[in-house]
Amino acid sequence: MRGISELALENLLLAMDEDGIATVTLNREAKRNALDAATVDELIEVFAALPRAGARACVLRAKGTHFCAGLDLVEHWHADRSAADFMQICLRWHEAFNKMEYGGVPVIAALKGAVVGGGLELASAAHIRVADDSTYFGLPEGQRGLFTGGGATIRVAGLIGKARMIDMMLTGRLYRGQQAVDVGLAQYLVEDSEARAYELARAAAQNPPLSNFAICSAVSHMQNMSALDAAYAEAAVAGVVNTQQAARARLEAFAKGTAARVRPD
Ligand code: 1HE
């Protein structure tokens, strides 16, 4: 596997600062960051490489005024794909988004403008979604004569419930502002989604990497298990994480009364 400095990227920009905060930028502004097959391949490469490159957290942002306009409809139209071909395309989308969700590196999406169709599928694979006043969420698949193929039936339904998702797909209903937060599409609504995303990334990066690895992979895996198996897996993960050396100094500080207390401001 190639390291992040060796990746040849055209549709994404990738940077990592000295604190291990990675920035992945969707870089097809002229196409409103629509996801063509090449961009999805780059997402796979980037999110496969980030954990090994020692990224402590990642901000996923976009160039331009829209986060992501979803599937590249023009490419899809020109390609006139067979069912088997499009199924393979969807498997690539799943690979990219699974690498994000299960990779163990906190991914914080800084949203703006359109977060629609496959763009919402991409955003819903992040661990935290931050919206601003311009952000709106939609699933226009029905209007386009399409169906979701990038995991929305699992992730978006998981965020907002199947009834709201079906409504969005059938009627083109858009969510924005506080209502989007209230239904679960975003966790934060702020003036500057990017600035807040970096604040959250820096906060998360203060945690030991093994704790973040568990938080950003185990919770998702456990949703896929029976309650009995999830409880067992939770105990196994906690056995490893909660006995890590990296936690010793933090526990000692608490025991000696010098650690910060958990209190509201
Ligand atoms: C695109 C795409 C795209 C823009 N594929 N090229 N997604 C949608 O149904 C959303 C489609 N896009 C839009 O509704 C609008 O473009 C936006 C509201 C996002 C932005 O509007 P606007 O006025 O800023 O831009 P525009 O003039 O519509 O588009 C600018 C260019 O971006 C134009 O290309 P140009 O070469 O003519 O300049 C557009 O064609 C291009 N563009 N969106 C391709 N989506 C795994 S299944 C997932 C299924 C789905 O995701 S369905 C939802 C698809």
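Provided above is the structure to which this section pertains.
Residue indices follow the written sequence of each chain, beginning from 1 at its first position. Whole-chain, interface and lining totals are the exception, using all residues; otherwise, since this is a predicted model, local features are given only for residues with pLDDT of at least 70 and side-chain atom pairs are given and counted only at 80 or more. Processing note: side-chain calculations cover all non-hydrogen atoms of the structure and skip hydrogens and water entirely.

Undergrad: In this structure, what is going on with the sheet that holds strand S7 (residues 136-138)? I would like to understand it.
TA: Backbone-to-backbone hydrogen bonds join strands into a sheet, with any given pair of strands oriented parallel or antiparallel. Pairing is mixed across the open sheet formed by three strands, whose spatial order is S5-S7-S8. Each edge of the open sheet carries a strand with a single partner, namely strand S5 (114-116) and strand S8 (175-176). Of the strand pairs in this sheet, S5 and S7 are connected by three bridges, and their pairing is parallel. When the sheet's bridge partners are listed, Ala-114 is paired in S7 with Tyr-136. Strands qualify as paired when DSSP identifies two bridges or more between them. Starting at the N terminus, helices and strands are each numbered in turn, a helix being any DSSP run of H or I of at least four residues and a strand any DSSP run of E of at least two.

Undergrad: What am I meant to see in the packing of aromatic side chains here?
TA: Aromatic ring pairs: the centre-centre distance and the angle between the two ring planes describe each pair. Any two of the Phe, Tyr and Trp rings considered here, Trp counted by its six-membered ring, make a pair once their centres fall within 6.5 Å; the pair's planes then place it as stacked at under 30 degrees, edge-to-face at over 60, or tilted in between. By the definition in use, this model includes one aromatic pair. For the ring pair Trp-93 and Phe-97, a centre distance of 5.8 Å and an interplane angle of 70° mean the geometry is edge-to-face. Taken together, the positions of Trp-93 and Phe-97, both in helix H3 (residues 83-102) and four residues apart, correspond to about one turn of that helix. Here Trp-93 and Phe-97 have matching classes, each one buried. To sort residues, take the accessible area from a 1.4 Å probe on protein chains only and compare it with the maximum for the residue type: under 20% means buried, over 50% means exposed, and anything in between is partly exposed.

Undergrad: Would you explain the nonpolar core in this entry?
TA: The tendency in soluble globular proteins is for nonpolar side chains to be buried side by side. To qualify as a nonpolar core, a set must consist of buried Ala, Val, Leu, Ile, Met, Phe, Trp, Tyr and Cys residues joined through side-chain atoms within 4.5 Å. Grouped together as the largest cluster of nonpolar side chains are 51 residues, with contacts concentrated most on Phe-47, Phe-67, Phe-97, Met-100, Phe-137 and Leu-185. When residues in this core are grouped by element, the largest group, seven residues, is from helix H1 (residues 37-52). Core analysis: the second largest hydrophobic core is formed by 11 residues, Ala-110, Val-130, Val-190 and Leu-200 among them.

Undergrad: What am I meant to see in unusual backbone geometry here?
TA: Peptide bonds are, in most cases, trans, and in most cases residues other than glycine have a negative phi. With phi around 55°, Arg-32 is a residue other than glycine that occupies positive phi space. Tracing the backbone shows Arg-32 in the loop between strand S2 (21-26) and H1. Note on Arg-32: relative accessible area 45%, which makes it partly exposed. Phi is positive for Asp-80, which is not a glycine, with a value near 45°.

Undergrad: How do you make sense of the site of the ligand when you look at a structure like this?
TA: Looking at the ligand, there are 25 residues lining it, with Lys-31, Arg-32, Ala-69, Gly-118 and Arg-144 nearest. What qualifies as a polar contact is a pair of N or O atoms within 3.5 Å, subject to a donor-acceptor requirement within protein and to the restriction that residues adjacent in sequence count only when both atoms come from side chains. One of the side-chain nitrogen or oxygen atoms of Arg-32 is found 2.8 Å away from an oxygen atom of the ligand. Note that an oxygen atom of the ligand is positioned 2.7 Å from one of the backbone N or O atoms of Gly-118. Starting from 1000 Å² of accessible surface for the ligand in isolation, the protein chains cover 68%. When contributions to the shell around the ligand are tallied by element, the ones reaching two or more residues are helix H2 (73-79), S5, helix H4 (118-123) and helix H5 (141-144). One heavy atom suffices: a residue is near a molecule or strand as soon as one of its heavy atoms comes within 4 Å of it. Under the convention used here, a 1.4 Å probe and the Shrake-Rupley method define accessible areas, while residue burial counts only the protein chains that appear.

The analysis is restricted to geometry; functional conclusions fall outside its scope.
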